[in-house]
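# An overview of the molecular structure
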Amino acid sequence: MKTNYEIRYAAHPEDAKHYDTRRLRRDFLIERLFGQDEVNMVYSMYDRMVVGGAMPVSEALTLEAIDPLKAPYFTTRREIGVFNVGGRGTVRVGDEVFRLDYKEALYIGRGGRDVVFASDDAGQPAKFYFNSTTAHQEHPCRKVTKQEAVVTHMGSLEMSNERNINKMLVNQVLPTCQLQMGMTELATGSVWNTMPAHVHARRMEAYFYFELPQDQAVCHFMGDPQETRHLWMRGDQAVLSPEWSIHSAAATHNYTFIWGMGGENLRPARAKHADGMRHRFEEEEAVLVLHDEDELRLVGKRRDVAYGMAVVASAACGQPAGIEVAELHEGRSSHESEILLARK
């Protein structure tokens, strides 16, 4: 096996405005994640996130503690989120073995033990995409499937952005220190993601695009909101998004992407806002559901009331004013309405 890594340094937004295409691609685009019997990684100075890929073919691959970690094991002071985007495979974490099928995910908590990737079939090797951030405490490892995810359906075919946001390795599903990961699947005929675009100064993000035909491409938008840049990308490539940069894309074909975030990601104190406002909303037949920094949801029997309350809640909880109105999922009353503020 072979382990390859590189270090990417952080850029000031004023400096990045002067980068040409070659420099933008060098600093932010991760073109090669998967090679036969290789583990490839980028150690980013943005929140110390590691973005990597492992493709075991003829042998199992150990996730080695690269030199910048200064640790005996990769997970000595780190947590990891893994998605399998290839054939069936396994991930061994110490004495635990987790079998991952296509689009299944695994959270690996901090701890001193080896992490080993393996494929079931060398003819259809697994491709393990992973993000890793620093961790201040241990949490148990856990496999998560799409059936266990928090799923949000957003957009429409008419707007070319119909998609399912599968929140899988997030604090609504399992405990993590700071790492949050999910997978967004665009419907056939839809090509836009994350519109309207946004920034979040308290965390960085990495996008990994896949399920894109080889003769198609995705145009990833980045940079200052008032002076954007773009990167043309292929499938199985990733891109780093600094805290000051927007992150959005349009493509020549529908696709799927995995998003991963690190930084001061979680704000449990926001639940106090929910408790303090819940009674008022219930009086108006609207119920506030506050998940995390990416989602603020109001459900009400009257659409106009729920919409108005969403504006109030948005201001109180520091959310943007952009509001998308959608009918509730099948199985709930058709007379109810849902206000969803979402970022992905």
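See above for the structure.
Residues numbered from 1 in each chain as written. Predicted model: local features only at pLDDT ≥ 70, side-chain atom pairs only at ≥ 80, totals over all residues. Heavy atoms only, no water.

### Re the layout of surface pockets
Considering only enclosed or pocket space, the second largest pocket measures out at about 200 Å³ in volume. If you go around the second largest pocket, the residues you meet are Val85, Lys127, Phe210, Glu211, Leu212, Pro213, Gln214, Gln216, Arg234, Gly235 and Asp236. Across the lining of the second largest pocket, the residue classes break down as 4 nonpolar, 3 polar and 4 charged. (1 Å grid on protein atoms, 1.4 Å probe; cavity = no way out; pocket = protein on both sides within 12 Å on 5 of 7 lines; lining within 4 Å. Points joined across faces, edges and corners; volume = space filled by probe spheres on them. Nonpolar A, V, L, I, M, F, W, Y, C, P; charged D, E, K, R; others polar.)

### Points about unusual backbone geometry
Although it is not a glycine, Lys103 adopts a positive phi angle of roughly 65 degrees. Within the fold, Lys103 resides in the loop between strand 8 (96–100) and strand 9 (105–108). The phi dihedral of Asp236 falls on the positive side, at around 65 degrees, and the residue is not glycine. In this structure, Asp236 sits in the loop between strand 18 (227–233) and strand 19 (237–241). (Helix = DSSP H or I, 4+ residues; strand = E, 2+ residues; numbered from the N terminus.)

### Re the environment of Asp114
Tracing the sequence through the fold places Asp114 in the loop between strand 9 and strand 10 (115–119). In this structure Asp114 comes out as partly exposed when scored by relative accessible area, which is 37%. Each C-alpha atom of the pair Asp114 and Thr62 lies 7.0 Å from the other, and the pair is 52 residues apart in sequence. If we ignore the near neighbours within four places in the chain, the residues touching Asp114 are Thr62, Tyr73, Arg92, Val93 and Gly94. (Buried < 20%, exposed > 50% of the residue type's maximum accessible area, 1.4 Å probe, protein only. Contact = heavy atoms within 4.5 Å.)

### Observations regarding the pairing of strand 6 (residues 78–84)
Burial runs high along strand 6: 7 of the 7 residues are buried. Of the two faces of strand 6, both are covered, the one formed by Arg78, Ile80, Val82 and Asn84 as well as the one formed by Glu79, Gly81 and Phe83. In this structure, strand 6 lies alongside strand 11 (residues 128–134), joined through 7 bridges in antiparallel fashion. Within strand 11, the residue paired with Gly81 across the bridge is Asn131. (Pairing = 2+ DSSP bridges.)

### Some thoughts on the side chain of Asp27
For Asp27, the location among the structural elements is in helix 2 (residues 21–28). Polar contacts involving the side chain of Asp27 include one to the side chain of Arg23, which spans 3.0 Å. Leave out the neighbours within four places in its chain, and Asp27 touches Arg8, Tyr19 and Leu240. (Polar contact = N/O pair within 3.5 Å; in protein donor to acceptor, adjacent residues only side chain to side chain.)

### Overview of the sheet that holds strand 17 (residues 218–224)
With antiparallel pairing, 3 strands are arranged side by side in an open sheet as 18-17-20. In this open sheet, the two strands that pair with only one neighbour each are strand 18 and strand 20 (248–251). Averaged over all neighbouring strand pairs, the angle between strand axes comes to 25 degrees, with direction disregarded. With 7 bridges joining them, strand 17 and strand 18 adopt antiparallel strand pairing. Looking at the pairing, Asp224 lines up with Glu227 of strand 18. (Axes fitted to C-alpha atoms, helices over the stretch in contact; angles between N-to-C directions.)

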